[in-house]
Amino acid sequence: QVQLVVSGGGSVQAGGSLRLSCGSSDRTFNDYDIKWFRQAPGEEREFVAFIGYSFTSAYYEDSVKDRFTISRDNAGNTVYLQMNNLRPEDTAVYYCNAHRDAGRISPARDYWGPGTQVTVSP
């Protein structure tokens with residue numbers, strides 16, 4: 001099982017920045033598609049950002065697309081979510097999800113990391 005390590009959450013003032021990271025020591029991590037989700041109190045979990053294993057595709061939820069940037073560092077087996085110009089409505093627990101489609105002989109895989117709290121004060 002791929003163990004995901006998530007870090008970078010914290011408390012900031014509105015307009016501030018945070019960088020979340022999601023990584024693994026597993027050698028196959030760089031072959032996974034990565035998504036970030038978030039869940040605010042009393043709300044459903046929502047999609048935030050996606051980056052494909054090939055580096056060539058990335059997309060964002062509309063409210064964050066001009067402020068957040070997802071990237072990956074294959075050498076470090078890490079995916080980052082750079083969050084700039086944070087707003088109070090960005091306050092949520094953020095989760096990293098790693099997914100790999102079924103291969104020739106391997107089954108599909110899907111893993112979740114622990115949540116990290118992001119709090120943005122007005």
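Here, the structure is the one placed above.
This write-up is about the structure you can find in this document. (Residues numbered from 1 in each chain as written. Predicted model: local features only at pLDDT ≥ 70, side-chain atom pairs only at ≥ 80, totals over all residues. Heavy atoms only, no water.)

A tally of regular secondary structure across the chain gives zero helices and eleven strands. Order of helices (α) and strands (β) in the chain, N terminus to C terminus: β-β-β-β-β-β-β-β-β-β-β. A globule of 122 residues ought to have a C-alpha radius of gyration of about 14 Å, and the chain, at 14 Å, matches this closely. When the backbone C-alpha atoms are referred to their principal axes, the chain occupies close to 50 × 25 × 25 Å. The burial tally for the chain puts 39% of its 122 residues in the buried class. By element, 46% of the accessible surface of the chain is carried by carbon and sulfur atoms, the whole surface being about 6700 Å². (Helix = DSSP H or I, 4+ residues; strand = E, 2+ residues; numbered from the N terminus. Rg over C-alpha atoms; globule rule 2.2 N^0.38 Å. Buried < 20%, exposed > 50% of the residue type's maximum accessible area, 1.4 Å probe, protein only. Areas by Shrake-Rupley, 256 points an atom, 1.4 Å probe, with all protein chains shown as cover.)

All right, on to the nonpolar core then. Membership of the largest hydrophobic core comes to 28 residues, with the highest contact counts inside it found for W36, L81, M83 and Y94. Secondary-structure elements contributing two or more residues to this core are strand 3 (18-23), strand 4 (33-39), strand 5 (46-51), strand 7 (68-73), strand 8 (78-83), strand 9 (92-100) and strand 11 (116-121). The dominant element in this core, judged by the number of residues it contributes, is strand 9, at four residues. (Core = buried A, V, L, I, M, F, W, Y, C linked by side-chain atoms within 4.5 Å.)

Our focus in this paragraph is the packing of aromatic side chains. In total, this model carries five aromatic pairs according to the counting rule given. Residues F47 and Y59 carry aromatic rings whose centres are separated by 5.3 Å and whose planes lie at 35° to one another, so their mutual orientation is tilted. In this pair, F47 sits in strand 5 while Y59 sits in strand 6 (residues 58-60), placing the two residues twelve residues apart along the sequence. With a relative accessible area of 22%, F47 lands in the partly exposed category. On the basis of relative accessible area, Y59 is assigned to the partly exposed category, the value being 42%. Seen from their ring centres, F50 and Y59 are 4.8 Å apart, and the 25° between their planes marks the pair as stacked. (Phe/Tyr/Trp six-rings, centres within 6.5 Å; stacked < 30°, edge-to-face > 60°.)

Our next topic: the sheet that holds strand 3. Pairing is antiparallel in the open sheet, where four strands are placed in the order 1-3-8-7. Looking along the sheet, the strands with just one partner apiece sit at the ends: strand 1 (5-7) and strand 7. Shown here is a sheet whose adjacent strand axes are inclined to one another by a mean of 15°, direction ignored. Pairing analysis gives three bridges linking strand 1 to strand 3, with the strands arranged antiparallel. (Pairing = 2+ DSSP bridges. Axes fitted to C-alpha atoms, helices over the stretch in contact; angles between N-to-C directions.)

Attention shifts here to the pattern of salt bridges. If you walk through the whole model with that rule in mind, you get four salt bridges. Measuring nitrogen to oxygen at the nearest pair gives 3.0 Å for the salt bridge that ties D90 to R38. Residue D90 is found in the loop between strand 8 and strand 9, and its partner R38 is found in strand 4; the two are separated by 52 residues along the sequence. Accessibility expressed as a relative area gives 0% for D90, which makes it buried. In this structure, D62 engages K65 in a salt bridge whose closest nitrogen and oxygen atoms are separated by 4.0 Å. Taking relative accessible area as the criterion, D62 reaches 57% and is therefore assigned exposed. Judged by relative accessible area, which is 45%, K65 ranks as partly exposed. Linked through salt bridges whose partners overlap, the residues forming this network are R38, E46, R67 and D90. (Salt bridge = Lys/Arg side-chain N within 4 Å of Asp/Glu carboxyl O.)

Keep in mind that these numbers describe shape and distance, not what the molecule does.
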